[in-house]
Every structure is written in structure tokens, then in C-alpha cells.
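Geometric and topological summary
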Amino acid sequence: MARTLTLRPATPADLAAVDLLLSRSYPRLLAADYPPSVMVTALPIISRARPELLASGRYFVAVDAEGRILGAGGWSGAAPGPSDQPEAEAMRASIGHIRHFATDPAALRRGIGRALMARVTAQARGVGMVQLDCLSTRTAVPFYASCGFRDLGPVNVALRPGIDFPAVRMICDLP
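Residues numbered from 1 in each chain as written. Predicted model: local features only at pLDDT ≥ 70, side-chain atom pairs only at ≥ 80, totals over all residues. Heavy atoms only, no water.

**Some words on the pairing of strand β7 (residues 163-173)**
Two faces make up the sheet, and in a regular strand the side chains alternate between them. The element β7 is extensively covered by neighbouring structure, given that 8 of its 11 residues are classed as buried. Bridge analysis of strand β5 (residues 131-136) against β7 gives 6 bridges, and the strand direction is antiparallel. Paired with Cys134 across the bridge in β7 is Met170. Two strands pair when backbone bridges link them, and strand β6 (residues 150-160) and β7 are joined in this way by 9 bridges, in the antiparallel orientation. Opposite Val155, over in β7, you have Ala167 as the bridge partner. Two successive antiparallel strands, β6 and β7, enclose a turn made up of 2 residues, where Gly162 displays a positive phi of approximately 85°. (Buried < 20%, exposed > 50% of the residue type's maximum accessible area, 1.4 Å probe, protein only. Helix = DSSP H or I, 4+ residues; strand = E, 2+ residues; numbered from the N terminus. Pairing = 2+ DSSP bridges.)

**Looking at the nonpolar core**
Ranked by size, the top nonpolar core spans 27 residues in total, and within it Ile98, Tyr144 and Phe149 carry the most contacts. Mapped by element, the contributors of at least two residues to this core are β2 (59-63), β3 (69-76), β4 (95-103), α5 (112-126), β5, α6 (141-146) and β7. With 6 residues, the top contributor of residues to this core is α5. Residues within four places of Phe149 in sequence aside, it is in contact with Ile98, Met117, Leu132, Cys134, Tyr144, Met170, Ile171 and Cys172. (Core = buried A, V, L, I, M, F, W, Y, C linked by side-chain atoms within 4.5 Å. Contact = heavy atoms within 4.5 Å.)

**So, the environment of Ala124**
Inspection of the secondary structure assignment puts Ala124 in helix α5. Sequence separation between Ala124 and Val63 is 61 residues, and the spatial gap between their C-alpha atoms is 21 Å. With near-sequence residues (within four places) excluded, Ala124 lies in contact with Trp75, Met129, Leu132 and Leu174.

Structure, rendered in C-alpha cells:
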């Protein structure tokens, strides 16, 4: 990771900057792996920061010397999407869920994603998680594999009624 970057927990005040990061990252990086029909329907949904993640203490941002957010990512106890299971109950299962990782396309291959993943895995391990579950984009499978995640196969993530997003379920054991 470049020396001019700082990793810190995200706050609700980062909402607009994380939205900008996601809107810069996802359209450019996912275009090679997804047809236009998926990009048109899914991107408006997945390219929005989640306020509850930003306020959780389990979502981090990588900030450069000028204050720009060049990467973000975190984890939660509850799986992404609608759930009737409360977060505290979900965390008792000791499986954390990777959430909303992204790196600015102009800052790829600088170790930002790896540094964020190291922070996430250390924190999750520190509170007793034994596995991290991930619904990866097709594009990010090599990144997650390089971080120790195993490919469990393709899944369709229901974003809204009639809008599914093809993903790859991956899992990583936390020693």
C-alpha cells in the first residue's frame, strides 16, 4: 500500500464519497464481465453506499493525502440483503460477510484492497468470527482467491423483484 494512504473506519459523513467511489469503480471494472442488461439494471442498486455499514465500525476506507477515498470495504454479521435475522443473532453463527469492497480504478494494483482485507479479517477474527463469506462479482474472484477465499460456485443475488445479479459465492476460513 502506498505510504500516503491511511486506513480508517468509515463514518456516516463518508456516504457521498463512498457513493462516488462505487460509481467510479463498478461501471469500469465490471463492464468486461457483465452484459449491458445486467449493468443497466444492477449498477444503480449496487453502486450506493450502505449507511448502516458506514456507521457499523466494521467498514473501512483508504484515504489518500488529499482526503480522497480510493478504496472501501468491510464486513457484517448479517448476510447482505433483506433478512429477518437480527445482526447480533447472525454474529453468534461466527460467520462474517464481506461487504461492498471497491477500489478506485485509477488506484488498482497498489495494495489498497489487500490492506483493507487485512484490516477486515483481523477485526473479524478478533471478535470471534471463524469464516468470512463473500458474494463476489465475477471480476473480483481472482482478488478474493489471492486473499485465501475458496470458490463455492455461481449464485444469483436477488437485488429487487425481477433484478438478479450474477455473483460467485466464496468463503475463507479464519485461522
